[in-house]
Amino acid sequence: DLNSTFFAAAKKVEFKSTLGDKAESVRSEELKSVEFQHEDGTFSKLMSLQTATYVGASDKVRIDKGFIWLSVNYAGDFYLLCILYTSANGAYFKYGTSTTAQYYIAWPGNDYAVLTSMVGKSGMLVIGMKKWIKETCKYLFREKCPNMIEAFSSNSFKPSKAEEIVEFYEQNCHKENQ
């Protein structure tokens, strides 16, 4: 699993160009992204960005301090990024663990990604997230995808997961579909 092998706030990134090479080290803040190939030939990409949230019902963005590594789930006109957080339930993981996936959207050229949704281990949206997705996307896509804003306003688009935002955008707003 990509997120279990790459610490979100890593200070250094160690890598080998090939398996036989000696490990090299680069300071994390010197990198904007890391791309690597898995044994099956597929690629994964991580981006180092600040996380952000919209403040209330405004277009003001609160950008968090520091950069973290987010995995790229979609790269097109924008990026859909994800990070998994696992926490202990009870002392010493006595009652197991809880994992939450946080999804962010970033536009190329921005050094920050905006939180769009959180999904629990069971695949269920965290309470209040449907409203959060709607309000956040209204600001994120207001200039880039008026069709999405209209669909939110008419309640004809009610995404329950971040991938549905990508799907709607690709079908209704993607530059090539205009």
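Residues numbered from 1 in each chain as written. Predicted model: local features only at pLDDT ≥ 70, side-chain atom pairs only at ≥ 80, totals over all residues. Heavy atoms only, no water.

### Focus on the packing of aromatic side chains
Applying the stated criterion across every chain yields a total of ten aromatic pairs. With a centroid separation of 4.4 Å and 25° between ring planes, the pair formed by Phe157 and Phe168 is classed as stacked. Of this pair, Phe157 sits in the loop between helix 3 (146-153) and helix 4 (162-172) while Phe168 sits in helix 4, and the two are eleven residues apart along the sequence. Phe168 matches Phe157 in its accessibility class, with the two residues each being buried. (Phe/Tyr/Trp six-rings, centres within 6.5 Å; stacked < 30°, edge-to-face > 60°. Helix = DSSP H or I, 4+ residues; strand = E, 2+ residues; numbered from the N terminus. Buried < 20%, exposed > 50% of the residue type's maximum accessible area, 1.4 Å probe, protein only.)

### Some points on helix 3
Within helix 3, the full set of buried residues consists of Met148, Ile149, Ala151 and Phe152. Each buried residue of helix 3 sits inside an arc of 160° when the element is viewed along its axis, so together they form one side. Exposed and facing more than 90 degrees away from the buried side of helix 3 are Pro146, Glu150 and Ser153. Considering only its buried residues, helix 3 is in contact with helix 2 (129-140) and helix 4. Asn155 sits one or two residues past helix 3 and shows a positive phi near 60°. (Arc of directions from axis to C-beta. Contact = heavy atoms within 4.5 Å.)

### Topic: the environment of Phe78
In this structure, Phe78 sits in the loop between strand 6 (68-75) and strand 7 (79-88). A relative accessible area of 0% places Phe78 in the buried class. Residues Phe78 and Gly109, 31 residues apart in the sequence, show an inter-C-alpha distance of 9.8 Å. The residues contacting Phe78, other than those within four sequence positions of it, are Ile105, Ala106, Trp107, Pro108, Phe141, Val166 and Tyr169.

### Some details on the packing of helix 2 against helix 3
Axis separation between helix 2 and helix 3 bottoms out at 9 Å; the angle between their running directions is 145°. Note on packing geometry: the crossing formed by helix 2 with helix 3 is left-handed. Contact residues: helix 2 offers Ile133, Lys134, Cys137 and Lys138, while helix 3 offers Met148, Ile149 and Phe152. (Axes fitted to C-alpha atoms, helices over the stretch in contact; angles between N-to-C directions. Left-handed = near helix turned anticlockwise from the far one by under 90°.)

### Quick look at the packing of helix 3 against helix 4
For the pair helix 3 and helix 4, interaxial distance at closest approach is 9 Å and the crossing angle is 125°. Viewed along their axes, helix 3 and helix 4 adopt a mutual orientation that is oblique. The crossing of helix 3 and helix 4 is right-handed. Residues Asn147, Met148 and Ala151 of helix 3 pack against Ile165, Phe168, Tyr169 and Asn172 of helix 4. For the contact of helix 3 with helix 4, the residue count by class is five nonpolar, two polar and no charged. (Parallel < 35°, antiparallel > 145°, perpendicular 65-115°, else oblique. Nonpolar A, V, L, I, M, F, W, Y, C, P; charged D, E, K, R; others polar.)

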